[in-house]
Structures are given as structure tokens and as C-alpha cells.
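What the coordinates show
The chain contents come next:
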Amino acid sequence: MDANELKYWVSFNRVPPVGRARFNLLENYFGTLERAWHARGTDLKAAGLDSRTVQLVVGRRDTIDPDAELDRLREAGVKALTWYDDEYPPRLKEIYDRPPVLYIRGEIIPEDERSVAIVGTRRPTAYGREAGHRLTYDIARSGVTIVSGLARGIDAIAHRAALEAGQRTIAVLGSGPDVIYPREHVKLAKEVATHGAVVSEYPLGVRPDAQNFPRRNRIMSGMTLGTVVIEAGDGSGALITAKHALEQDREVFAVPGNIFSPSSRGVNRLIRGSGAKLVVDHEDVLEE
């Protein structure tokens, strides 16, 4: 997409209520988001936006400079992609709730289509740490890009194992691409961006928020061939990722855990009740 149109996609993406459905409404009605950005409130309403969203768009336009938005991205070393761009992950384009804009630090390449998401608890046991590292390392060494969420625990283990294997890894954030959470993973995020990409649907400066993380999980499952769950208790965010994967018709794998461990309750139930494929080594994933 040319920069003149991209700056309006990036600007609309700074108005929180404007997501996939509203981007479609605006584009279908106005033809381009440039025309939509300069439209009167009555025309925005005619396009299908509700009154509250129209007020927010009209109010925010006075505080957002589209040209300055692109300048800020360039200065931060961040690339913005829309779902029309070739570099936008092809599988992510297929999901229902695909992000209109993705912000990238690093690079997404065609080989990343061969990828799996590795997710799990933020507080893994010694068993979970060993299983996460060994399984991820072996999958990565087979030429598969590892996708995870840069969180503490299994996520960080997965990214580090992929880097140790000398292979690519992608981190999907629940904050802006320039806001790394947790802070102790700033160095890890730089390594990931150097050997893959740091990805977010949130604009620059957006702080981590509890509601952002369940939503970002659909991106991890949506851009990959399948999701591997390693240690997840009841209510774990990793189970949300698995749920998204099932809804997106992607493969779900689960590493069985100790039946007496709270950290394994969710993942064991995933095997028993949701049809997740039991994984004992990397070959189980590669065969699928």
C-alpha cells in the first residue's frame, strides 16, 4: 500500500472502536480511507458507524496528524502493514477478526508460513521448562518458525530455545510495538526482532492492558499452522489461544502433564475433551 493511503489506515487505527468491521464499512462506503478521514460526521454515520464512534472519530481527527504518524513509525524503526500488503501473514488474512493494521519490528518472510505457536503457563514447573525448551528447540531446528507472546514462563522459554537453535521466532505483543512487557524482556525482544519479528496490532505507545492479551492470542493462533500448549492451568491464557486455534480450524497440540499438578489441569483437559493431539516429541508436531 502506498504511503499516502497507509497514513490514514494508521490514523484510524488510533481510534480504538474502529476495528475490522468498521474498517470494512468505511472502505466499502468511501472507497479509500483518505476520503473517510476527511468525511463529515453525517457521511460517517451514513457509512454505518454508530453515533458514539462518529463522535470519537471526529474528535480524534483534531489531535492526529496522519503524516506525523508515519514519521513516528519510521523514527521507531517500525513498519505498518495492512491486510492488503504481501508481507501481512497470509494465514492471518483468513481469520474472521483479522487486524486491519499490524506493526512490525524486524521482518516477516515467506518461510514464516511454516510456523507453530508455543504457549503455556507463566509459572512453569521444572518439567514444563524442560519440555518447553527441548520441544521448541527440536521443532525450530526442523525449520519451523516459533511464534509466542514474549510473556514470562513458557513464552520466553520458547523464544530463547528458537534463538539457541539459530532459527526464526516471532513475538506477538499485547501492547504497542515499542512498549515491551514485561520489562525484563527488553533484551529478548531485541534479539527476537533481529532474528524474526516483534508484532502488534496496537499503535505506538499503547501500554499493556489485561484485555489486550486474550485478543492478541488470536493473532498467534491465526498466523500459524498450529498451537502447542505446554503446561496450562484452569483459566490460563494459553487455553484461550488453543480455543482460537480450534475456531480458526488450526491444529492444536498438547504436552501431557502431571495429573496432580494444578499447572497441568487445563492442558490435560484439552487432551481429554477438546481433541488436542497429544505430543511426546517434536515428531508428533511435524507429522501433522
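The present account deals with the structure reproduced in this document. Note that the structure is predicted; figures quoted are calculated from it, not measured.

Here is what the cut-offs are and how they apply
Residues numbered from 1 in each chain as written. Predicted model: local features only at pLDDT ≥ 70, side-chain atom pairs only at ≥ 80, totals over all residues. Heavy atoms only, no water. Pairing = 2+ DSSP bridges. Helix = DSSP H or I, 4+ residues; strand = E, 2+ residues; numbered from the N terminus. Contact = heavy atoms within 4.5 Å. Axes fitted to C-alpha atoms, helices over the stretch in contact; angles between N-to-C directions. Parallel < 35°, antiparallel > 145°, perpendicular 65-115°, else oblique. Left-handed = near helix turned anticlockwise from the far one by under 90°. Nonpolar A, V, L, I, M, F, W, Y, C, P; charged D, E, K, R; others polar. Buried < 20%, exposed > 50% of the residue type's maximum accessible area, 1.4 Å probe, protein only. Right-handed = clockwise from strand over helix to strand, strands pointing away.

Below, the discussion takes up the sheet that holds strand β2 (residues 101-106). Taken in spatial order, the nine strands make up an open sheet running β1-β2-β6-β5-β4-β3-β7-β8-β9, and their pairing is mixed. Edge positions in the open sheet fall to β1 (79-82) and β9 (277-278), since each of these has one partner strand only. Across two bridges, the pairing between strand β8 (residues 251-255) and β9 is parallel. Paired with A254 across the strands is L278, a residue of β9. Across the face of the sheet, helix α11 (residues 212-222) comes into contact with β2, β3 (115-120), β4 (145-148), β5 (169-172) and β7 (226-230) while running at roughly 155 degrees to β5.

On to unusual backbone geometry. Geometrically, the link from Y181 to P182 is a cis peptide bond, its omega value of -5 degrees lying close to zero. Along the chain, the position of P182 falls in the loop between β5 and α10 (186-194). Although it is not a glycine, D249 adopts a positive phi angle of roughly 60 degrees. Tracing the backbone shows D249 in the loop between α12 (237-247) and β8.

This part covers the packing of α11 against α12. At their nearest, the axes of α11 and α12 sit 8 Å apart, and the two run at 50 degrees to each other. When the axes of α11 and α12 are compared, the pair comes out oblique. Once α11 is placed against α12, the crossing between them reads as right-handed. Each of P214, N217, R218, M220 and S221 in α11 lies in contact with α12, whose residues at this interface are G237, I240, T241, H244 and A245. In terms of residue class, the contact of α11 with α12 is built from four nonpolar, five polar and one charged.

Once that is clear, we can look at the pairing of β4. Remember that side chains alternate between the two faces of the sheet whenever the strand is regular. Of the two faces of β4, the one carrying T145 and V147 and the one carrying I146 and S148 are both buried. Of the strand pairs in this sheet, β3 and β4 are connected by three bridges, and their pairing is parallel. Among the inter-strand pairings, A117 is bridged to a residue of β4, identified as V147. One crossover worth recording links β3 to the parallel β4 by way of helix α8 (residues 126-141), and it is right-handed. Bridge analysis of β4 against β5 gives three bridges, and the strand direction is parallel. The partner of I146 across the bridge, within β5, is T169.

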